[in-house]
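Structural characterization, general
Residue-level listing of the chains:
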Amino acid sequence: MADIGLAAFSVFFMQSPSFLAHQRDLARARGRSNCETLFAMTAIPSDNHIRQMLDGTPASHFDPLFAAVLSALEAHGGLAAFRCLSGRVLIALDGSEHFTSRKLHCPHCSQRRRSDGGVEYFHAFLGAALVAPGHGHVLPLPAEFITPQDGSDKQDCESRAVRRWLGAHGQGCARLDPVYLGDDLYSRQPICAAVTAAGGHFLFVCKPSSHQTIEEYLTGIDLPEHRVTVRRGRDLKVHRYRWLEAVPLRDGADALSVNWFAIEIADARGKITYRNSFVTDLPVGRDSVVELAACGRARWKIENESFNVLKSNGYHLEHNFGHGKQTLSAVLVSLNLLAFAMHNACDLIESLWKQARATTGARQRLFEHLRSITAYLVFAGWTELVTTLITGIPPPQPPPSPD
Ligand SMILES: [Zn+2]
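All figures in this text were calculated on a predicted structure; none of them were measured in a lab.

**Quick notes on the pattern of salt bridges**
The tally for this structure, following the rule as stated, stands at 18 salt bridges. Put simply, Arg188 and Asp184 hold a salt bridge, and the shortest N to O gap is 2.9 Å. Measuring nitrogen to oxygen at the nearest pair gives 3.1 Å for the salt bridge that ties Lys237 to Asp235. According to the relative accessible area criterion, Lys237 is partly exposed, its value standing at 25%. Since its relative accessible area comes to 38%, Asp235 is described here as partly exposed. Salt bridges sharing common partners tie together Glu225, Arg227, Arg240, Glu264 and Arg275.

Written out as structure tokens, the structure reads:
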């Protein structure tokens, strides 16, 4: 099973759907391959065998590995890049779909009817990742899979998945002093209360259209205001912040009391180019509202820097292994997120890896080089491989085995 898990993981870590095929060729010609030397595998299973054996494994089986990456990052000072709001961290939560098809499906697919009357099958998950304003690093945490429950109300399912996620991982993350970020779907009392119960804070988008009580509460109040002029080259923008503490989140006597703030950005002509509002349990005032707004706006990074990277760059999820009948689809997402977490941790704390990235340029170039050289050469280990990327000088190769 270790060989099987590592084989699937290696495809994502190397961002190469053909990695295993190349390694089988190398093993035949040279008697060994990078699967043994880089991934500590004892043999290379077939794609079909990997699919059959992983389908049924719970995706949560890999959750402790995310915690191990986080601990490694913490132990080597990599968490400093994520600290904000007086030493806290931001954990962005967001739902994403990782599979849609009109034909392929499994018993765990969600389904919906499209406008042409046809049925579309899909899988979705709740992703969580450390993010921070000011840089593009993200660190994925374990995902919670959204599986069909009673009916197909996406909103309801995602909300339940958030609470399941907090139940499973909230206490473990509490030592980081987390502030959870989420879109307007999250700024509802059950989720805010679940965040607080899990030892965290919340900073959620709160749209006026879905929070009637807050809108009514704010009406007619002369709100405190803070204006900041931001100049970048010739570009001049005015950021206008307004806030109010102790606002009821919803109607009724049991409503949570939250702190509300809004940001508006206007260009030099006074035209509003950005507007958003948030609720949080953290104190909001003139001294904190600017940083809070920057943190709330960092939420988009889970979509742009995390899920889109997974979908568009070399992590083609089901290319090798297909959809499966039980948990395969979710297991592949977990291994994929884990590879992405390890890449990001390497970017932050692994000095040889950082040098290799500096030498090869963009992340995609680094993986292009990794893919091509491991297709032809067998490396004794990661140090030798990454040093080759930096120096351009390959290690000597033993002669091909006689048979
Ligand atoms: Zn399915």
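**Describing the pairing of strand E7 (residues 225-232)**
Across 8 bridges, E7 lies against strand E8 (residues 235-248) in antiparallel orientation. Residue pairing across strands places Val230 opposite Lys237, the latter belonging to E8. What sits between the antiparallel neighbours E7 and E8 is a turn of 2 residues, in which Gly233 has the positive phi angle 65°.

**Examining the packing of helix H2 (residues 19-30) against helix H13 (residues 363-376)**
Contact pair H2 / H13: the axes reach a minimum separation of 8 Å and the direction vectors enclose 25°. When the axis of H2 is compared with that of H13, the two are roughly parallel. In this structure, H2 contributes Phe19, His22, Gln23, Leu26 and Arg30 to the contact, and H13 contributes Thr374, Ala375 and Tyr376. Class assignment for the residues of the contact of H2 with H13 results in 4 nonpolar, 3 polar and 1 charged.

**Digging into the coordination of the zinc ion**
Surrounding the zinc ion are the protein donor atoms Cys106 (SG), Cys109 (SG), His123 (NE2) and His323 (NE2), at 2.0 to 2.2 Å. For the zinc ion, the 4 donor atoms are set out with angles of 100 to 131° between them, so the coordination reads as tetrahedral. For the zinc ion, all donor residues lie on one chain, and their spacing in sequence is C-x2-C-x13-H-x199-H. Relative accessible area serves as the criterion here: at 7%, Cys106 is assigned to the buried category. The class of Cys109 is buried, set by a relative accessible area of 6%.

Cut-offs used in this document
Residues numbered from 1 in each chain as written. Predicted model: local features only at pLDDT ≥ 70, side-chain atom pairs only at ≥ 80, totals over all residues. Heavy atoms only, no water. Salt bridge = Lys/Arg side-chain N within 4 Å of Asp/Glu carboxyl O. Buried < 20%, exposed > 50% of the residue type's maximum accessible area, 1.4 Å probe, protein only. Pairing = 2+ DSSP bridges. Helix = DSSP H or I, 4+ residues; strand = E, 2+ residues; numbered from the N terminus. Axes fitted to C-alpha atoms, helices over the stretch in contact; angles between N-to-C directions. Parallel < 35°, antiparallel > 145°, perpendicular 65-115°, else oblique. Contact = heavy atoms within 4.5 Å. Nonpolar A, V, L, I, M, F, W, Y, C, P; charged D, E, K, R; others polar. Donors = N, O, S within 2.8 Å, 3.2 Å for Na, K, Ca; no water. Tetrahedral: all angles 85-135°; square planar, octahedral: opposite > 155°, others 65-115°.

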